[in-house]
Amino acid sequence: GAFAESSCQECRVGTYQPAVGQANVIACIPCKPGKYSALRGVDSCVECPAGTWTDEFEATACKICPAGKWSYSSGARLEGNCVSCSGSS
């Protein structure tokens with residue numbers, strides 16, 4: 001027999017879907033490295049803020065740069081984007 005969804009299903013954390021009315025969660029798109037989604041049912045992923053990074057697909061959070069290092073721009077995809085802080089002692 002056929003099965004029909006009676007309600008929408010939200011995309012899980014770490015994924016997104018910009019289009020409304022998708023058939024199921026298979027249509028959800030994984031967040032790319034440098035971006036994350038900590039909430040269900042979002043229409044886009046958020047760039048990791050300065051001072052953080054992620055190299056993972058479907059990230060639910062960003063990793064903090066090591067002590068004494070900082071990523072000066074948002075969306076860092078590699079720990080190597082975290083550079084030594086200028087003027088640090």
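You'll find the structure just up there.
Residues numbered from 1 in each chain as written. Predicted model: local features only at pLDDT ≥ 70, side-chain atom pairs only at ≥ 80, totals over all residues. Heavy atoms only, no water.

Draft legend 1. Region of interest: the overall build of the chain. Each helix and strand in the chain was counted, giving 0 helices and 8 strands. Listing the helices and strands of the chain from first to last along the sequence gives β-β-β-β-β-β-β-β. Once local pairs closer than 6 in sequence are excluded, the contacts in the chain between residues at least 24 apart make up 34%. Of the accessible surface of the chain, which amounts to about 6,000 Å², a share of 55% is contributed by carbon and sulfur atoms. (Helix = DSSP H or I, 4+ residues; strand = E, 2+ residues; numbered from the N terminus. Contact = heavy atoms within 4.5 Å. Areas by Shrake-Rupley, 256 points an atom, 1.4 Å probe, with all protein chains shown as cover.)

Draft legend 2. Spotlight on the state of the cysteines. Applying the stated rule across the entire model yields 4 disulfides. Each sulfur of the disulfide joining cysteine 11 and cysteine 28 lies 2.0 Å from the other. Across the disulfide from cysteine 11 to cysteine 28, rotation about the S-S bond amounts to roughly -90°, and the bridge is consequently left-handed. One end of the pair, cysteine 11, is in the segment before β1 (15–16); the other, cysteine 28, is in the loop between β1 and β2 (29–30), and 17 residues separate them in sequence. Owing to a relative accessible area of 6%, cysteine 11 belongs among the buried residues under this scheme. Each sulfur of the disulfide joining cysteine 31 and cysteine 45 lies 2.0 Å from the other. Taking the sign of the torsion about the S-S bond as the criterion, the disulfide between cysteine 31 and cysteine 45, at about -80°, is left-handed. Taken together, the positions of cysteine 31 in the loop between β2 and β3 (35–36) and cysteine 45 in the loop between β3 and β4 (46–47) put the pair 14 residues apart, joining distant regions of the chain. Classification of cysteine 45 by relative accessible area gives buried; the value is 13%. Each bonded cysteine of the chain is numbered by sequence order, and under that numbering the disulfide pairs are 1-2, 3-4, 5-6, 7-8. (Disulfide = S-S within 2.5 Å. Buried < 20%, exposed > 50% of the residue type's maximum accessible area, 1.4 Å probe, protein only.)

Draft legend 3. Structural detail: the environment of alanine 76. Of note, alanine 76 is situated in the loop between β7 (69–70) and β8 (83–84). Judged by relative accessible area, which is 5%, alanine 76 ranks as buried. Between the alpha carbons of alanine 76 and threonine 54 there is a distance of 6.7 Å; along the sequence they are 22 residues apart. Look past the residues within four positions of alanine 76 in its chain and what remains in contact with it is Gly34, Thr52, Trp53, Thr54, Ser71 and Asn81.

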